[in-house]
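# Descriptive structure summary
Each chain, letter by letter, is given below.
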Amino acid sequence: MDTKWKNIKKIWEKRKDGKVRMAIALVCAVPGIWGLLYLWQERFNFPSVGAWVLGSIINLLLGIALFQGIRRELEKRYQNWDSYVENFYQKWQEEWKKQQKIIIWCTIGAAVVGIFSFRTIIHSYWYGNYSVGYVTIGIIMIQFVVAEATVISYMKQVLNHHVTDMEAIVQKNVKEAMETTIRSERMKVDLISNVSHDLKTPLTSMVGYIELIKKEELSDVVSDYVEVLGNKAQKLKEMIDSLFDLAKTSSGNIKLTMEGIEMNRLIEQVRADMEDKFKEAGREVVTELTEEETSFTSDSSYMYRVCQNLMENALKYSAEHTRIFFKTARIRQNGRDMIQFEVTNTANYRMNFTKDQIVERFARGDEARTTDGNGLGLAIVSTYTSALGGIFDVTIDCDQFKAVVAFPVEP
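Residues numbered from 1 in each chain as written. Predicted model: local features only at pLDDT ≥ 70, side-chain atom pairs only at ≥ 80, totals over all residues. Heavy atoms only, no water.

### Comments concerning the overall build of the protein chain
Check the secondary structure of the protein chain and you find eleven helices and seven strands. Here the protein chain holds 411 residues, and the buried ones make up 35% of them. (Helix = DSSP H or I, 4+ residues; strand = E, 2+ residues; numbered from the N terminus. Buried < 20%, exposed > 50% of the residue type's maximum accessible area, 1.4 Å probe, protein only.)

### Side note on the pairing of strand β5 (residues 336–346)
Most of β5 sits out of view: eight of its eleven residues are buried. Bridging between strand β4 (residues 323–333) and β5 involves nine bridges; their strand directions are antiparallel. Bridging across to β5, Thr-328 finds its partner in Phe-341. Hairpin geometry of β4 and β5 is characterised by an intervening segment of two residues between the two adjacent antiparallel strands and by a positive phi of about 55° at Asn-334. In this sheet, strand β7 (residues 400–408) lies alongside β5 in antiparallel orientation, the contact comprising nine bridges. Bridging from a neighbouring strand, Gln-340 pairs with Ala-406 of β7. (Pairing = 2+ DSSP bridges.)

### Let's talk about the pattern of salt bridges
Per the counting criterion, the structure on display carries eleven salt bridges. Note that Glu-75 is salt-bridged to Arg-71, the shortest N-O span being 3.3 Å. Placement of both Glu-75 and Arg-71 in helix α3 (residues 48–77) is noted, with a separation of four residues, approximately one turn of the helix. The class for Arg-71 is buried, based on a relative accessible area of 8%. Across the pair Glu-73 and Arg-72 runs a salt bridge whose closest N-O atoms are separated by 3.1 Å. The structure contains a network of salt bridges with shared partners spanning Arg-21, Arg-71 and Glu-75. (Salt bridge = Lys/Arg side-chain N within 4 Å of Asp/Glu carboxyl O.)

### Considerations on helix α7 (residues 263–273)
Buried residues of α7: Met-263, Asn-264, Leu-266, Ile-267 and Val-270, and no others. Buried residues in α7, looked at end-on, bunch into an arc of 160°, giving them a common side. Away from its buried face, by an angle of more than 90 degrees, α7 presents the exposed residues Arg-265 and Ala-272. For α7, the elements touching its buried residues are β1 (258–262), β3 (295–299), α9 (300–316), β4, β5 and β7. (Arc of directions from axis to C-beta. Contact = heavy atoms within 4.5 Å.)

### Quick word on the nonpolar core
Core analysis: the largest hydrophobic core is formed by 35 residues, its most contacted members being Met-263, Met-303, Leu-310 and Phe-341. Of all the secondary-structure elements, those providing two or more residues to this core are α7, α9, β4, β5, α11 (377–387), β6 (391–397) and β7. Once you skip the residues sitting within four places of it in the chain, Met-303 turns out to touch Ile-261, Met-263, Leu-266, Phe-296, Ser-298, Leu-388 and Phe-407. Core analysis: the next-biggest nonpolar cluster, separate from the first, contains twelve residues, Ile-70, Leu-74, Ile-103 and Val-151 among them. (Core = buried A, V, L, I, M, F, W, Y, C linked by side-chain atoms within 4.5 Å.)

### Quick notes on the environment of Leu-376
As for its position among the elements, Leu-376 is in the loop between α10 (355–358) and α11. A relative accessible area of 1% places Leu-376 in the buried class. For the pair Leu-376 and Asn-313, spaced 63 residues apart in sequence, the C-alpha separation works out to 9.8 Å.

### Brief notes about the packing of α9 against α11
One can describe the packing of α9 onto α11 by two numbers: an axis separation of 9 Å at closest approach and a directional angle of 150°. Taken together, α9 and α11 sit at an angle that is classed as roughly antiparallel. The crossing of α9 and α11 is left-handed. Note on element contacts: α11 touches α9 through Gly-377, Leu-378, Ile-380, Val-381, Tyr-384 and Thr-385, opposite Tyr-302, Arg-305, Val-306, Asn-309, Leu-310 and Asn-313. In terms of residue class, the contact of α9 with α11 is built from seven nonpolar, four polar and one charged. (Axes fitted to C-alpha atoms, helices over the stretch in contact; angles between N-to-C directions. Parallel < 35°, antiparallel > 145°, perpendicular 65-115°, else oblique. Left-handed = near helix turned anticlockwise from the far one by under 90°. Nonpolar A, V, L, I, M, F, W, Y, C, P; charged D, E, K, R; others polar.)

### Re the packing of α7 against α9
Following both chains from N to C, one finds α7 and α9 inclined at 55°, their axes separated by 10 Å at the closest point. The pairing of α7 with α9 is recorded here as oblique in orientation. Crossing angle aside, the handedness with which α7 passes α9 is right-handed. Each of Met-263, Leu-266, Ile-267, Gln-269, Val-270, Arg-271 and Asp-273 in α7 lies in contact with α9, whose residues at this interface are Met-303, Tyr-304, Cys-307, Gln-308 and Met-311. A class-by-class count of the residues in the contact of α7 with α9 yields eight nonpolar, two polar and two charged.

### Side note on the packing of aromatic side chains
Pairs of aromatic rings are described using the distance from one ring centre to the other and the angle between the two planes. All chains considered together, the criterion is met by four aromatic pairs. Judged by centre distance (5.6 Å) and plane angle (15°), the rings of Phe-296 and Phe-407 are stacked. With a gap of 111 residues between them, Phe-296 in strand β3 and Phe-407 in strand β7 connect regions that are remote in the sequence. Looking at Phe-296, the relative accessible area reads 2%, which means it is buried. Aromatic pair Phe-326 and Phe-341: ring centres 6.1 Å apart, planes at 55°, arrangement tilted. In this pair, Phe-326 is assigned in strand β4 and Phe-341 in strand β5, connecting sequence segments 15 residues apart. Grouping residues by exposure puts Phe-326 and Phe-341 together as buried. Cluster of aromatic residues (ring-pair linked, three or more members): Phe-278, Phe-326 and Phe-341. (Phe/Tyr/Trp six-rings, centres within 6.5 Å; stacked < 30°, edge-to-face > 60°.)

Here you go:
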């Protein structure tokens, strides 16, 4: 039974072949035209019911013939049409207009012949039975609809094929671009990781030897030189460590140790560790901790670094004699309970940048670079926060710079 249906299906599919289409068109056109001529030959003696029945059969035969014939000619004409050309749609419109003109002029010609023949019937048949004339005009109108529908169907199919080809090209280009971007990003991450790792070992030795030199008896001038050298080497070591951690986190090659954390307690701890820096810089710190529960689950070491970087960023880039605000809150966002930490400071420079620009690696709002910093602080905050499943946002309002991180209570 399955074999029988497969054979029938194969035979049915062959109807799309050009030769088969032409054969079907001829087989249907010959009896259709013969029926139409016979109807007109016997127009004075043909009963009304017979005229309508024969007209229906003629319509069916001519409709099939017209559909197959037009379809075959269109497929033959456009079989080598390239749908990838740049001005395809313009050419498609031009061809569409040509086909519409051909159909309209053929229909007008057939209508003129039909009307003229109908007038012949009217003037020669005084009984008033005009069925053959009505049937003829009906055949002309129906065949016009068939021809128009065939052309519309085929041209729509051609246009859809073009759109499908273009979508395939776009998807392919997008896929290749994404693969190239991912590969390029992976290479950059690997390069940063490898270079950072290679620099850490000799730099650590340098820092160690500088510390040993400080313990020796040195002149005041040399001692000052060694002190400056030690400070610069330590800052370079911190930057390389930050760059290495950032590259490692960006690649997703990190291991998180999730545990319960209390945000208020973490903020108090980080602030206490940085108290000397705040006093040395002469900044007043205002801490506003919420009385609500601020417990959530995260990695304590990464969270410490996030909070520390936000505080250091506010300290480095805040104007003298201004206050820095630390706030915690429990909020509801996107249907989830979130623990939020907010840092606000007044900048000591003009902030003409966007959020996306300031969180890029090595990007600094202080374009003159008169302050300490390497442009990695907020980039690390953004990357770490994302790795921990949190949200990082920056708001700029004149001289006010606000950085906010929020983490779900249930990750």
